[in-house]
Amino acid sequence: GGDAVCSVRATRVIAPRKNARRGVVMSSMDELDAEAAAVMEQIRQLQEANEKLKTDMDLFAMPEPLPERPEGAPEPGSTQGTSAPKSSFSADVLGMEMPYLGEGETRVGFQHFDKVENEKARVEAMQVEQAARVTGVTPRPPPKYEKTEWPLSIVFVSSEVTPWSKTGGLADVCGSLPRELVKRGHRVMVVSPYYQRGTKEDQHFAGAFDTCSNAEVGLFGGSHEVGFMHQVYDGVDFVFVKHDCYERPGGIYVDLEGQAWPDNQFRYTLLSHAACEAPLKINFEGKGTYGDEVVFVANDWHAGLVPLVIASKYRQYWNTYHNARTITVIHNILHQGSEPATTFPNLGIPDDWYWCLEYQYPEHMRAHELDLGLVVNILKGAVATSDRVLTVSEGYAEEICTPLGGKGLETILTERKHRLDGVVNGIDLDEWNPAEDEFCEFPYDVSNLAGKLMNKRALQRELGFEVRDDVPLLGFIGRLDWQKGPDLIRDSIAEMMNEDVQLVMLGSGIGELEGFMQWAENTYNDKFRGWVGFNVPVAHRITAGCDILLMPSRFEPCGLNQLYAMR
């Protein structure tokens, strides 16, 4: 009882009465009895409180059985076999050196209860954080597709199509737009090369099978046989042109050294001629051929000979495709497929149609004084012979009719402006849906942006950055060429890194700019990350996690990345 008495903080202290003689305490027997009774009452109250505490903790103890104790092992909570002295009741309860957790099952249950409570507190804190980011905006309902009353047979021709081949937005459009048209009741085919480059992307073609519907096409002074591989995806007939010129290591348009393939004119002249044969040759099981009443959609210069071949050969000499229509879509007018005029006989076009392709560079763009600057311009031929010309935005349709934006074709585009329209690129709302994105760990939508903050933290951890909510995380996704402006980031990198920011860049292209990304990561390792190449999952996580998307393009026909970011 002495330990207990010494440790009690009494609510009322009875002061002893001092005698006249210093140092002597005088008390009557009644007073001593009263003091002793008060102390015993306080001890009894503490004992009752302790018993109540034990009873309350038993309510929290989990009914799970404890693991079996090996024979000879000490009881839970005991110090048998250790040098540490067992703490006394007074030290545990009254001295409060360590909180009293009970004995045996009570102690284990209380610890488990403590973990559960900590987890509840963490979840509640997260819910508070999410509630703080509720916008009050209702997400837009998914679009409803109505079947058209006038279904068409549509043939897209493109040098790349996602997910089989991709360098930029052209592949995204030609991979997603046809699927949307199928939902509206159209029959759609996409024609693209059967690339085999010795990379992991080749596995995407594993689902394509040989149609056994080979065709002979005449170009480059001879007859060339092409095969057609077929794969159905979301109701779209994806047809891949098979030829040796598409099966080599390197990029789609460039070799292993980053230089344009010297036979690109042959490769895409072959694609255009093969695409004109596909609707007539390939007998799709259960549906037959597409026939000659189709709408061709030729994308950029790589497919630019399709309208010219249809007009100059199939209609004029072979009496077919009279009811077909051709559309040329300009995604980027900077690339026009120009080659020396002496290569015209290689294109398989009748001589009297040369005027459609004829083009002369202005003097300041010629190699020397004796250079006349005469070339064949495939994109010009497409604009001249198409029934309709489209661009990927209304603003770009206006821009390419100016000397600054037309890149030499502004005159013919202005002459055909009555046939020129701009339609903003769309995106795949299912693929770029932050509420259900398979590549992002935390879903979110416009009604609650808490998931975006958590995706930012996850991206910072993935990249090896310091995880901080208060630092702006910047992202760049795109081709590393002069049009997209990554050199502007390079030229200002020192000033940017002096700020409290983090920057990640994803892309491939010009070797000089790829080298810059590697140098910047080594120099500013705590603030910069560069990913050379293209990776779809990483692109999704950057878009979902970064605070600011950099778009330093010198000109941008449409720009899918900002559409993805707004989504």
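Residues numbered from 1 in each chain as written. Predicted model: local features only at pLDDT ≥ 70, side-chain atom pairs only at ≥ 80, totals over all residues. Heavy atoms only, no water.

Asker: Can you break down the overall build of the chain residue by residue, with the values?
Answerer: Each helix and strand counted, the chain has 18 helices and 17 strands in total. Among the 567 residues that make up the chain, the fraction classed as buried is 44%. Put simply, of all contacts in the chain between residues at least 6 apart along the chain, 70% involve residues at least 24 apart. Approximately 30900 Å² of the chain is accessible, and the part contributed by carbon and sulfur atoms is 54%. (Helix = DSSP H or I, 4+ residues; strand = E, 2+ residues; numbered from the N terminus. Buried < 20%, exposed > 50% of the residue type's maximum accessible area, 1.4 Å probe, protein only. Contact = heavy atoms within 4.5 Å. Areas by Shrake-Rupley, 256 points an atom, 1.4 Å probe, with all protein chains shown as cover.)

Asker: Which residues make up unusual backbone geometry, and what values do they have?
Answerer: Trans is the common state for peptide bonds, and a negative phi is the common state for residues other than glycine. A cis amide bond links Thr-162 to the next residue, Pro-163, at an omega of 5 degrees. Backbone geometry places Phe-220, a non-glycine residue, at a positive phi of 50 degrees. For Phe-220, the location among the structural elements is in the loop between strand 4 (215–219) and strand 5 (222–233). Of note in the backbone geometry, Asp-234 takes a positive phi value of approximately 50 degrees without being a glycine. Relative to the elements of secondary structure, Asp-234 occurs in the loop between strand 5 and strand 6 (236–242).

Asker: Tell me about the sheet that holds strand 10 (residues 358–360), residues and numbers included.
Answerer: With antiparallel pairing, three strands are arranged side by side in an open sheet as 9-11-10. Since the sheet does not close on itself, it has two edges, and those belong to strand 9 (338–340) and strand 10, each with one partner. Sheet twist, expressed as the average angle between the axes of neighbouring strands with direction ignored, equals 45 degrees. Here three bridges tie strand 9 to strand 11 (residues 374–377), and the two strands are oriented antiparallel to one another. Note on strand 11: the bridge partner recorded for Glu-339 is Val-376. (Pairing = 2+ DSSP bridges. Axes fitted to C-alpha atoms, helices over the stretch in contact; angles between N-to-C directions.)

Asker: Break down the packing of aromatic side chains for me, citing the residues and quoting the values.
Answerer: All told, the structure shown has 21 aromatic pairs when counted by the stated rule. Relative to Phe-240, the ring of Phe-205 has its centre 5.0 Å away and its plane inclined at 75 degrees; by these criteria the two rings are edge-to-face. One end of the pair, Phe-205, is in the loop between strand 2 (187–193) and strand 3 (209–210); the other, Phe-240, is in strand 6, and 35 residues separate them in sequence. For Phe-240, a relative accessible area of 1% puts it in the buried group. (Phe/Tyr/Trp six-rings, centres within 6.5 Å; stacked < 30°, edge-to-face > 60°.)

Asker: Provide a residue-level description of the confidence of the model for the chain, including the pertinent values.
Answerer: Model confidence for the chain is summarised by a mean pLDDT of 85, while 81% of its residues fall at 70 or above. Across residues 1–27, confidence stays below pLDDT 50; counting only partners more than four residues off in sequence or on other chains, it has 20 contacts. Counting interchain partners and residues more than four positions distant, the pLDDT-below-50 stretch residues 76–97 has 24 contacts. (pLDDT = per-residue confidence, 0-100.)

Asker: Could you give an account of the pattern of salt bridges, naming the residues involved and the relevant values?
Answerer: Summed over all chains, the structure comprises 21 salt bridges. The partner of Glu-180 in a salt bridge is Lys-183, with the nearest N and O atoms 3.4 Å apart. Taken as a pair, Glu-180 and Lys-183 lie in helix 5 (residues 169–183) at a separation of three residues, close to a single helical turn. Classification of Glu-180 by relative accessible area gives buried; the value is 18%. Overall, the relative accessible area of 30% leaves Lys-183 in the partly exposed class. (Salt bridge = Lys/Arg side-chain N within 4 Å of Asp/Glu carboxyl O.)

Asker: Would you mind going over the pairing of strand 4 in detail, with residue names and values included?
Answerer: Only one face of strand 4 is buried, namely the one carrying Ala-215, Val-217 and Leu-219, since none of Glu-216 and Gly-218 on the opposite face is buried. Bridge count between strand 4 and strand 5: five bridges; the pairing is antiparallel. Directly across from Leu-219, in strand 5, lies its bridge partner Gly-222.

Asker: Talk me through helix 16 (residues 511–523); I want residue IDs and the actual numbers.
Answerer: With 13 residues, helix 16 extends 18 Å between its outermost C-alpha atoms, agreeing within 8% with the 18 Å of an ideal straight helix rising 1.5 Å per residue. Considered for burial, the residues of helix 16 that qualify are Leu-513, Phe-516, Met-517 and Ala-520. With its buried residues spanning 100 degrees around the axis, helix 16 presents them on a single face. Turning to helix 16, the residues buried within the fold contact helix 14 (486–491), helix 15 (493–497), strand 15 (502–507) and strand 16 (528–532). (Expected span 1.5 Å × (residues − 1). Arc of directions from axis to C-beta.)

Asker: Could you give an account of the sheet that holds strand 14 (residues 473–477), with specific residues and numbers?
Answerer: Strand order in the open sheet formed by four strands is 16-15-14-17, with parallel pairing between adjacent strands. At either margin of the open sheet sits one strand with a lone partner, and together these are strand 16 and strand 17 (548–549). Relative to strand 17, strand 14 runs parallel, the two being bridged by two bridges. From the neighbouring strand, Gly-475 faces strand 17, where its bridge partner is Leu-549. Docked against the sheet, helix 13 (residues 450–463) engages strand 14, strand 15 and strand 16, running at close to 75 degrees with respect to strand 14.

Asker: Which residues make up the nonpolar core, and what are the values?
Answerer: When a protein is soluble and globular, its nonpolar side chains tend to lie buried together. Val-191, Phe-228, Phe-240 and Ile-330 are the most contacted members of the largest nonpolar core, which totals 95 residues. Among the elements that make up this core, the one with the highest residue count is helix 6 (residues 264–281) (eight residues). Membership of the second largest hydrophobic core comes to 17 residues, among which are Ile-489, Ile-493, Leu-503 and Ala-520. (Core = buried A, V, L, I, M, F, W, Y, C linked by side-chain atoms within 4.5 Å.)

Asker: Describe helix 13, and please don't skip the residues or the numbers.
Answerer: With 14 residues, helix 13 extends 20 Å from end C-alpha to end C-alpha; this agrees with the ideal 20 Å at 1.5 Å per step. Across the 14 residues that make up helix 13, a large majority, eleven, are buried. What helix 13 keeps buried is the set Ala-450, Gly-451, Leu-453, Met-454, Asn-455, Lys-456, Arg-457, Ala-458, Leu-459, Gln-460 and Leu-463. At the C-terminal side of helix 13, Gly-464 shows a positive phi close to 85 degrees.

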